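Each chain, written out:
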Amino acid sequence: MSSYLNSTMTTSTHAPSWLSFHKSGKQAHLRLFCFPYAGGSSVIYRNWVSNCPPGVEICPVQLPGRGNRLREPAFNSLPALVRALGPALLPYFDRPFAFFGHSMGASISFELARWLRENGQPQPLQLFVSGRRAPHIQAREAPLHDLPEPELLDALHRLNGTPKEFMEHPELIEMMLPLLRADFSVAETYVYTPGPPLDCPITAFSGLEDREVYREDIEGWREHTSNTFKVRMFPGDHFFINTSQPLLLQVLFRELHELTQQVA
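Quick caveat: nothing in here was measured; it's all calculated off a predicted structure. (Residues numbered from 1 in each chain as written. Predicted model: local features only at pLDDT ≥ 70, side-chain atom pairs only at ≥ 80, totals over all residues. Heavy atoms only, no water.)

1. So, the overall build of the protein chain
When helices and strands are counted, the protein chain shows nine helices and six strands. The proportion of buried residues among the 264 residues of the protein chain is 56%. For the protein chain, the accessible area works out to roughly 11,500 Å², and carbon and sulfur atoms hold 52% of it. (Helix = DSSP H or I, 4+ residues; strand = E, 2+ residues; numbered from the N terminus. Buried < 20%, exposed > 50% of the residue type's maximum accessible area, 1.4 Å probe, protein only. Areas by Shrake-Rupley, 256 points an atom, 1.4 Å probe, with all protein chains shown as cover.)

The structure is reproduced here in structure tokens:
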């Protein structure tokens, strides 16, 4: 739900519109599609691309309203986003793949996996969900997406993920607030529809000091897989994905390496 300045950065103009920093990994045995948190862009996964283990191709997903898609309107509904995202990514599911999503991105990856199942399409080998309560657990916090601007800015400051520069530049605030409202709407208006658990394993990541997502919220993901389930906790708050990135990548890449052994 932050690193908001990243959303304004320019990404490769040669990448497919939904994928940034995408390389043609002809030797890759596995693709990992990475979905951003609210207000974030594919830039947050830039380092992952160059440091991923052999046999793995990192595919950061660029959503409308940010980066090289800044002029496109952002989605404000998760079902609508998934209905657009699913067909757009189908051509890239031609080899084994997995999903990673942080916060809002976790909800996107979960619902995209369900969309694929409902439409008879290939399924991810594994789902990595990060910094997000299980879908059936209701939020404790009041919604932010429709707050008046002063209250919304105050809430963003309290979330501890907003760069100081953002608050000091009214032009950045004016540019980014529509995207933030849309992304918060995606996350906050999402209503889980009960259904069968996924067949793929789920690994859930969380920060030990996260004041938004508790350990029991993460444990709740266990109900959404008929396969194996693991929890991995890291030092840091809701944005441990940035502050504990080396440790997170060490754990994640180890699991990805194990997946490549299954499909190589």
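2. Concerning the pattern of salt bridges
Side chains bearing opposite charge may pair, as long as their charged atoms lie close to each other. Here the structure, examined in full by the defined rule, presents eight salt bridges. With its nearest N and O atoms 3.2 Å apart, the salt bridge here joins Glu-111 to Arg-114. Residue Glu-111 and its partner Arg-114 are both found in helix H3 (residues 104–118); the two are separated by three residues, about one turn of the helix. The class for Glu-111 is buried, based on a relative accessible area of 14%. With its nearest N and O atoms 2.9 Å apart, the salt bridge here joins Glu-219 to Arg-222. By relative accessible area, which is 46% here, Arg-222 ends up partly exposed. Through salt bridges with shared partners, a single ionic network connects Arg-31, Glu-57 and Asp-94. (Salt bridge = Lys/Arg side-chain N within 4 Å of Asp/Glu carboxyl O.)

3. Describing unusual backbone geometry
Of note, the phi angle at Ser-103 is positive, near 55°, even though the residue is not glycine. Mapped onto the elements of the fold, Ser-103 is located in the loop between strand E3 (97–102) and H3.

4. Let's talk about the packing of helix H2 (residues 78–89) against H3
In a pair of packed helices, the angle between the axes and the distance between the axes together describe the arrangement. At a minimum axis distance of 9 Å, the contact between H2 and H3 shows a crossing angle of 65°. With respect to the hand of their crossing, H2 and H3 are arranged in right-handed fashion. Residues Leu-78, Leu-81, Val-82, Arg-83, Leu-85, Gly-86, Pro-87 and Leu-89 of H2 pack against Ser-107, Ile-108, Glu-111, Leu-112 and Trp-115 of H3. Within the contact of H2 with H3, the residues separate by chemical class into nine nonpolar, two polar and two charged. (Axes fitted to C-alpha atoms, helices over the stretch in contact; angles between N-to-C directions. Left-handed = near helix turned anticlockwise from the far one by under 90°. Contact = heavy atoms within 4.5 Å. Nonpolar A, V, L, I, M, F, W, Y, C, P; charged D, E, K, R; others polar.)

5. Observations concerning the sheet that holds E3
In spatial order, the strands read E2-E1-E3-E4-E5-E6; together these six strands make up an open sheet with parallel pairing. Pairing within the sheet leaves two strands with one partner each, and these edge strands are strand E2 (56–60) and strand E6 (229–234). If you compare each strand with its neighbour and ignore which way they point, the axes differ by 15° on average. By the bridge criterion, six bridges tie strand E5 (residues 202–207) to E6 in an arrangement that is parallel. Residue pairing in the sheet places Phe-205 in a bridge with Arg-232 of E6. (Pairing = 2+ DSSP bridges.)

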